[in-house]
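Observations on chain architecture
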Amino acid sequence: MIQFFSRPRSVFSAAAILRAILLIYGSLQDAFSPMKYTDIDYFVFTDAARFISQGQSPYTRDTYRYTPLLAWLIYPTTWQGKWFPFGKILFAIGDIVAGWLILLILRSSGKMPMDRALKFASIWLLNPMVAQISTRGSSEGLLGVVVSALLWAVLSRRIQLAGLLLGFAVHFKIYPFIYATSIIWWLDDEHVHGASSNQSKTLYSRVIGFVNSARITLATYSLLTFMILNALMYYLYGWPFLQHSYFHHLTRIDHRHNFSPYNTLLYLNSSPTGKSTAKLESLAFIPQLFLSAVAIPLAIAKKDLPSTMLAQTFAFVTFNKVCTSQYFLWYIIFLPFYLPSSTLLQKPSIGIAAGILWVSGQVIWLQQGYRLEFLGISSFVPGLWASSILFFVVNIWILGIALKDAASVENPRAKTIMAHKIQ
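Residues numbered from 1 in each chain as written. Predicted model: local features only at pLDDT ≥ 70, side-chain atom pairs only at ≥ 80, totals over all residues. Heavy atoms only, no water.

1. Regarding the environment of Phe120
To keep it simple, the criterion reads: What counts as a helix is a DSSP run of H or I of at least four residues, what counts as a strand is a run of E of at least two, and both are numbered from the N terminus. Exposure classes here rest on a 1.4 Å probe applied to the protein chains alone. A residue is buried below 20% of its type maximum, exposed above 50%, and partly exposed in between. The contact criterion used throughout is that any non-hydrogen atoms of two residues lie within 4.5 Å.
Positionally, Phe120 belongs in helix α5 (residues 114-125). A relative accessible area of 9% places Phe120 in the buried class. A sequence separation of 218 residues divides Phe120 from Tyr338, and the C-alpha atoms of the two residues are 9.6 Å apart. Those residues in contact with Phe120 that lie beyond four places of it in its chain are Leu106, Met112, Pro336, Leu339, Pro340 and Leu345.

2. Details of the packing of helix α4 (residues 86-106) against helix α7 (residues 140-155)
How we decide: All axes are obtained by fitting lines to C-alpha atoms, using only the stretch in contact for helices, and the reported angles, taken between N-to-C directions, cover 0 to 180 degrees. By definition in this entry, angles of less than 35 degrees are roughly parallel, angles greater than 145 are roughly antiparallel, angles of 65 to 115 are roughly perpendicular, and the rest are oblique. The hand of a helix crossing depends on one turn: near helix anticlockwise from the far one by less than a right angle means left-handed, and clockwise means right-handed. Polarity classes work like this: nonpolar for Ala, Val, Leu, Ile, Met, Phe, Trp, Tyr, Cys and Pro, charged for Asp, Glu, Lys and Arg, and polar for all others, with Gly in that last group.
Orientation of α4 relative to α7, taken along the N-to-C sense of each, is 20°, at an axis distance of 7 Å. Regarding the angle of α4 to α7, the classification is roughly parallel. For the crossing formed where α4 meets α7, the hand is left-handed. Contacts between α4 and α7 involve Leu90, Phe91, Gly94, Asp95, Val97, Ala98, Leu101, Leu104 and Ile105 on the former and, on the latter, Gly141, Leu142, Gly144, Val145, Ser148, Ala149, Leu151, Trp152 and Leu155. Taken together, the residues that form the contact of α4 with α7 break down as 13 nonpolar, four polar and one charged.

3. Describing the side chain of Asp47
We apply this condition: Polar contact is the term for a pair of N or O atoms within 3.5 Å; when the atoms are in protein, one must be able to donate a hydrogen and the other to accept it, and sequence-neighboring residues count only if both atoms are side-chain atoms.
Within the element layout of this structure, Asp47 appears in helix α2 (residues 40-53). Residue class for Asp47 comes out buried when judged on its relative accessible area of 18%. At 2.9 Å, the side chain of Asp47 forms a polar contact with the side chain of Arg61.

4. Here's the deal with the packing of helix α9 (residues 178-186) against helix α16 (residues 305-319)
Viewed as axis vectors pointing N to C, α9 and α16 meet at an angle of 155°, and their least axial separation amounts to 10 Å. In this view, α9 runs roughly antiparallel relative to α16, as classed from their interaxial angle. Crossing of α9 over α16 shows right-handed handedness. Along its contact with α9, which presents Ile178, Tyr179, Ser182, Ile183 and Trp186, the element α16 presents Leu305, Thr308, Met309, Gln312, Thr313 and Phe316. Residue composition of the contact of α9 with α16, grouped by class: seven nonpolar, four polar and no charged.

5. Quick notes on a nonpolar patch on the surface
This is how it is decided: Note on patches: the residues involved have over 30% relative accessible area and no salt bridge, like charges join within 9 Å, and the nonpolar side chains Val, Leu, Ile, Met, Phe, Trp and Tyr join within 5 Å. Residue exposure ignores everything except the shown protein chains as possible cover, and the areas themselves are Shrake-Rupley values with a 1.4 Å probe. Note on definitions: salt bridges are taken to be side-chain nitrogens of Lys or Arg within 4 Å of carboxyl oxygens of Asp or Glu.
The grouping of Met35, Tyr370, Phe374, Leu375 and Ile377 at the surface amounts to a nonpolar patch, some 500 Å² of accessible area in total. Exposure remark for Phe374: the relative accessible area of 51% places this residue in the exposed category.

6. Things to note about the nonpolar core
Basically, it comes down to this: Throughout, nonpolar core names a set of buried Ala, Val, Leu, Ile, Met, Phe, Trp, Tyr and Cys residues whose side chains join them through atoms within 4.5 Å.
One finds Tyr64, Trp124, Tyr179, Phe328 and Phe334 to be the most contacted residues of the largest nonpolar core, which totals 104 residues. Per element, the largest residue contribution to this core is 11 residues, and it comes from α7. Once residues lying within four places of it in the same chain are set aside, the contact partners of Phe334 are Val147, Leu151, Tyr179, Pro306, Met309, Leu310 and Thr313.

7. Here we look at the pattern of salt bridges
Taken as a whole, this structure holds seven salt bridges when the rule is applied. The closest approach of N and O atoms between Asp47 and Arg61, which form a salt bridge, is 2.9 Å. Taken together, the residues Asp47 in helix α2 and Arg61 in the loop between α2 and α3 (68-73) connect sequence positions 14 residues apart. It is possible to trace a salt-bridge network through shared partners that takes in Asp47, Arg50 and Arg61.

8. Regarding the UniProt feature "transmembrane region" (unreviewed entry) in the chain
For the record, the criterion: UniProt positions are given in the numbering used here, feature names are shortened, and annotations may be inferred rather than shown by experiment.
Under the local residue numbering, the UniProt record ascribes the feature "transmembrane region" (unreviewed entry) to residues 12-28, 83-105, 164-187, 218-237, 283-301, 313-338, 350-368 and 380-403. Measuring from the first to the last C-alpha atom of residues 350-368 gives 27 Å, for a span that is 100% helix and 0% strand.

9. Here we look at unusual backbone geometry
Trans peptide bonds make up most of the peptide bonds, and negative phi angles are found at most residues other than glycine. Phi is positive for Thr63, close to 70°, though the residue is something other than glycine. Here Thr63 is to be found in the loop between α2 and α3. The partly exposed category is assigned to Thr63, whose relative accessible area is 43%. Unusually for a residue other than glycine, Arg157 sits at a positive phi of about 65°. Counting through the fold element by element, Arg157 comes out in the loop between α7 and α8 (159-172).

10. Re the packing of aromatic side chains
The following threshold applies: Ring geometry is summarised as follows: Phe, Tyr and Trp rings, the Trp one being its six-membered ring, pair when their centres sit within 6.5 Å, and such pairs are stacked at plane angles under 30 degrees, edge-to-face over 60 and tilted between the two. The rule is short: NZ of Lys or CZ of Arg within 6 Å of the ring centre and within 35 degrees of the ring normal puts a charge over the ring.
In total, this model carries 31 aromatic pairs according to the counting rule given. With centroids separated by 5.0 Å and ring planes inclined at 75°, the aromatic side chains of Trp79 and Trp83 adopt a geometry described as edge-to-face. Lying across the ring of Phe51, Arg50 places its NZ or CZ 5.4 Å from the centre. The residue whose ring lies beneath Lys88 is Tyr42, and the NZ or CZ to ring-centre distance is 5.5 Å.

Structural data, given as structure tokens:
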């Protein structure tokens, strides 16, 4: 086992083999089992790509709620022959590239030995949940590449590249906009140029000093990238692009496979008789955005940027009115940076309890969901509702631990991932 983690080739080969096995198994399950391995979203993606190949809009496909870039990326699935799995293979490769970026960041200062860095990178690379979600046809693997590349670019002071990546990430999937606050807050002169902060500065000089070149560059490049991509997509596909890629998420009422406590309310409002119901879930974005985009970044971003991004994402997913298993990948990708000095690792009893409770919360919910969706037994109350509340409480507890850990960091320069120059 020690030898296995001493060489990157071993870990990355195992990650590739794991995904290859799942791809083969998935094709067999799709062919011979009534319960399909391929995620329904993958059929949505490939249908949208097929419409593009016919000169039509990807939004001709009902329920396609993504940027047209995603359909273009998997365009080869429309070709004759055995090209249907192309998107799955692309997403799986994205997983591995994201893992390589994780390793690059962990090894940035040279203080973390290769075997230890590989072990933490394996939380992503060898994680069965990560591999399964991508090989089933979810595009989260591609998003993982962009987000990990964004973190790498910021920590290595490649601000122009970071701006490009941030703008692209928000266009590709809206939620990465929450990272803008933490990155902007982190980009003071101390982190960018190594200059020590002057505590004797007046309030006026601090306000003026906040607008430094790094922050201006990041804001300019990210905004331009985001606007150019949106303008191009709007030119090609018009209003449906804005409606389905952005505005739809303000009013979506997805209730299937939804771990959120808002699940039952969404179900009621999805029925014709539920239109008059007070839509309390429409206010879900208030605590969600306040925590993930304002409070958490301002409180801890300057101490530990990667852990802040973990806490932001964890809060965003936990308080989101729609919470599916694919969303868990959004914060799992930050675990390799947070765990090395975390309470969850330093105090194994807490770490084991957190892992057991997090998994158990999902299992309990899935058992109720199976009764409803496969057996046709009404289990909304108390089954699904109570299990959603339980999972929500577990997540709040874990989020509290992560916030306390990040807030206790006294010297961010001592963190391995905050090296002045990433090689």
